[in-house]
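Descriptive structure summary
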Amino acid sequence: MEEEGAEAPAEEVAQGEGEPQTDEATPPENQEEQEGEAAAAAGEADAEASEAAEAEPAPAEGEAGEGGGAAEEEDSKADAAAAAAAAVEEEVAPAAETSVEGDAEADGPTPQQPSAEGEAGEEGMGAPPPVEEGPGVSTEVAGDGGNNNGNNNSSSSVPGPETSITVSAVEGTVSIDFVILPEGYGQTKLIDLGKTIAQIRADLEGELSIPEGSLFLMNMSGAAEVKEVLPSEQRLCDFGLKADDKIGIELRINYYQEQPADDYIMPDTLELRVTDAQGREKVVVVHVQRPVVEKSYLGGFRNRQSGVSYHHATTQTAPPPKKETQAIRFHREAQTYQYRTRSTQCKKDNGTQMPKVGLYIDSVNDYEITPRRPYFSSADKTALMLEKCVIIQCHARGMVARKRAGQLRKARISREELAAKEEERRQLEADLRHKREVERRMQPKTLEDFAVLYRELEAWRLNEANRIAKAGFDEAARRAAQRELLHKETKLLQTIDQLKIHAKTHNRDSKIKKKLESMANPKVWPQNDGETTTVHTPYTTRAKELMDLYSGLRLPLLTVDERLDVLLHVKWTVKEFDCNLTREIVDLIDREADMLNRGRPEKSFAGLRKRLANLFLQFLEAPEFNPEAMKFQKVSRQLYDQSSTHPLSTVPIRALGQV
């Protein structure tokens, strides 16, 4: 069987001498069978060598050289078998290519150890020429093809002692598009075909500065399609890739960066699961006592096997409670405790002797002792204590009653004062409300005030009309009463109209005054510290000066000199601008000054002064003369008729006193 198995691969190699044999990839099933056969062959060679060494007797002195040579030959064969097995394991790879085909069931030479036809059977010690196994793998075999018994025809599955296997390098590069998911960042690299997935992963982990083993290459697409995670031990060429191919590989990073642990805070209660003697598990709640004060470390011991440290009992337990330094005095139980008196026989009474028969006691020097105060028994003492306690109790109860009475008296006084203040407040509010209602009817200022007057007038008219209708007057008397009622109603309506005119004038003056004060108020700027800064600008200063002049024009009951002084200031203020408005104001000032010099009565100045005040008010409200008035304009100045404020420089303004 061994000879037939040895000749079969030799014939196959001889058939391929003329032309190179085509290489085919060894399937994974054949690879596993080849690995198993190589391991079995190595084990059999070691077993045969050890059996031969034990069975052969020790050589004699004359045969020492021959026996030593045989022993060395056996050792070299065993080493050769081990080296051949290691070489076979290295050569057998998932994608390795070989040109040697052998019968898996035969016991002949392994695919890595082919021999030429005729030479393996005839020459056991000859070295066969190298056999070309394909473009990727070249194998050279040199060694003893026989067994330990010197049979050249039998072949062994273990290669010779001198075996060398050379794998040619794979040349070329592949363009790979790496995409990091789920971020979607990508990068293209040129990678050699001979690199393994593990080497590529190590290079990428170094570039990305991530821990080793946290990067996964998966889902190859393009020239080769591979799903799931790529095997780390395979090379790029093992996937069927060729030079200048383009593929895409997904990268997924999965590692956890440890975060600094937060400070542990022990909860108030701990739930511990304890198993009792019956094997039942129950939950025990342990309440944690927080340390009130820092306790000193008093030592302990540590278990060397488990490393658990045990502290002193004082360190683990709560501090002992402090003793009560001062007893509670004057407690109710101490004051009402019931005492009992017990009498005993003293030594003095025990040594007293009395005269009797046979005993004489001299009583010459004896004398009677009379107590200065009558005897005070324990019953008397108890009665006295009870009497004093009753007295003390009366005084204590009286003190408590007086304090309670004082508190009640104080609370009553407080309630009375509060009620008086509340009544006073309500009375004051009622008076103010009544005064306001009277003021609204005597001097109405708002539309609501006049509406109240009209409602009351209508109610009065209806009441009077009903009274006249129910009075039973004849036709003439009824007509006369109705005429009188109509006359009174007319007079009241006239009075209301006069009040309207007066209220309108008053409201207009108040509105103008408020507006001028708003123009003259300084600017208020808030600061970061909550304070405010008051600033007078040139515009507010100008507005304040004009407001003072307007108030001076409206002042009544001035002397002639005071009035002329106000008119002179107003004139020189408006003469700074030359326009129709200022010229008209100057003309009115000159006219009033002339009338004052002639001594005209005050009534004749009413219309003139009113007209002068209105024109000066227009001067104040014009932004051309008062820049601060620009903020109070409700309508744009372009919509106003500004013909009176246009400057006129052709005709000079007539001075005061000129005719």
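Above this text sits the structure in question.
This section reports on the structure supplied with the text. The numbers attached to residues start from 1 for each chain and follow its sequence in the written order. Residue-level local features of this predicted model are given only where pLDDT is at least 70; pairs of side-chain atoms are given and counted only at 80 or more, and the full residue set underlies all totals for whole chains, interfaces and linings. Hydrogens are left out, water is left out, and the side-chain values use all remaining heavy atoms of the structure.

**Let's talk about the overall build of the protein**
Within the protein, the regular secondary structure consists of 15 helices and 16 strands. Only protein chains enter the accessibility calculation, which uses a 1.4 Å probe; a residue whose area is less than 20% of its type maximum is buried, one above 50% is exposed, and one in between is partly exposed. Residues counted as buried form 23% of the 659 residues belonging to the protein. Relative to all contacts within the protein whose residues are 6 or more apart in sequence, the contacts with residues 24 or more apart total 60%. In these tables, accessible area is a Shrake-Rupley quantity obtained with a 1.4 Å probe, and a residue counts as shielded only by the protein chains included in the view. When the accessible surface of the protein is summed, it comes to about 49500 Å², and 53% of that surface belongs to carbon and sulfur atoms. Starting at the N terminus, helices and strands are each numbered in turn, a helix being any DSSP run of H or I of at least four residues and a strand any DSSP run of E of at least two. The criterion used for residue contact is that any of the two residues' heavy atoms lie within 4.5 Å.

**Some words on the pairing of strand β10 (residues 246-253)**
When DSSP finds at least two bridges between two strands, those strands are taken to pair. Where strand β6 (residues 173-181) and β10 come together, 7 bridges link them in parallel fashion. When the sheet's bridge partners are listed, Val 179 is paired in β10 with Glu 250. The pairing of strand β8 (residues 215-222) with β10 spans 6 bridges and is classified as antiparallel. In the sheet register, Phe 216 faces β10, and the bridge partner there is Arg 252.

**Section: the pairing of strand β15 (residues 523-526)**
In this sheet, strand β16 (residues 532-535) lies alongside β15 in antiparallel orientation, the contact comprising 4 bridges. When the sheet's bridge partners are listed, Pro 526 is paired in β16 with Thr 532.

**Let's talk about the sheet that holds strand β9 (residues 226-229)**
Taking strand neighbours across the sheet as the criterion, the 5 strands line up as β7-β6-β10-β8-β9 in an open arrangement whose pairing is mixed. Either end of the sheet is taken by a strand with one partner, and the two such strands are β7 (185-192) and β9. Geometrically, the sheet is characterised by an average inter-axis angle of 25° between neighbouring strands, direction not taken into account. Only C-alpha atoms enter the line fits that serve as axes; for helices the fit covers just the stretch in contact. Angles between N-to-C directions range over 0 to 180 degrees. Contacting β6, β7, β8 and β10, helix α5 (residues 197-208) runs over the sheet at an angle of about 120° to β8.

**Remarks on unusual backbone geometry**
Although it is not a glycine, Ser 209 adopts a positive phi angle of roughly 55°. Locating Ser 209 in the fold gives a position in the loop between α5 and β8. The phi angle at Leu 557 is positive, at roughly 55°, despite the residue not being glycine. Take Leu 557: it is sitting in the loop between α12 (538-554) and α13 (560-574).

**Some remarks on the nonpolar core**
As used in this record, nonpolar core signifies buried Ala, Val, Leu, Ile, Met, Phe, Trp, Tyr and Cys residues forming a set joined through side-chain atoms within 4.5 Å. Counting 34 residues, the largest nonpolar core has Tyr 550, Ile 585, Phe 616 and Phe 619 as its most contacted members. Looking at this core, the elements with two or more residues in it are α11 (475-520), α12, α13, α14 (580-597) and α15 (606-621). Broken down by element, this core gets its largest block of residues, 8 residues, from α15. Setting aside anything within four residues of it in sequence, one finds Ile 585 in contact with Val 574, Leu 612, Leu 615, Phe 616 and Phe 619.

**Focus on a nonpolar patch on the surface**
Patch rule: a residue counts if its relative accessible area is over 30% and it has no salt bridge; like charges are joined within 9 Å, and nonpolar side chains (Val, Leu, Ile, Met, Phe, Trp, Tyr) within 5 Å. A carboxyl oxygen of Asp or Glu within 4 Å of a side-chain nitrogen of Lys or Arg is what we treat as a salt bridge. A contiguous nonpolar surface patch, about 260 Å² in accessible area, is contributed by Leu 272, Val 274, Val 284 and Val 286. Elements with a minimum of two residues in the nonpolar patch: β11 (269-275) and β12 (281-287). Following the sequence through the fold, Val 284 ends up in strand β12.

**Considering the pattern of salt bridges**
The final tally for this structure, using the stated rule, is 34 salt bridges. The residue Arg 425 makes a salt bridge to Glu 422 at a minimum N-O spacing of 2.2 Å. In this pair, Arg 425 and Glu 422 are both assigned in helix α9 (residues 378-442), 3 residues apart and thus about one turn of the helix distant. A relative accessible area of 37% places Arg 425 in the partly exposed class. For Glu 584, the salt bridge identified is with Arg 611, shortest N-O distance 2.7 Å. One end of the pair, Glu 584, is in helix α14; the other, Arg 611, is in helix α15, and 27 residues separate them in sequence. If you follow the salt bridges from partner to partner, you end up with Arg 436, Glu 437, Arg 440, Arg 441, Asp 449 and Glu 456 in one network.

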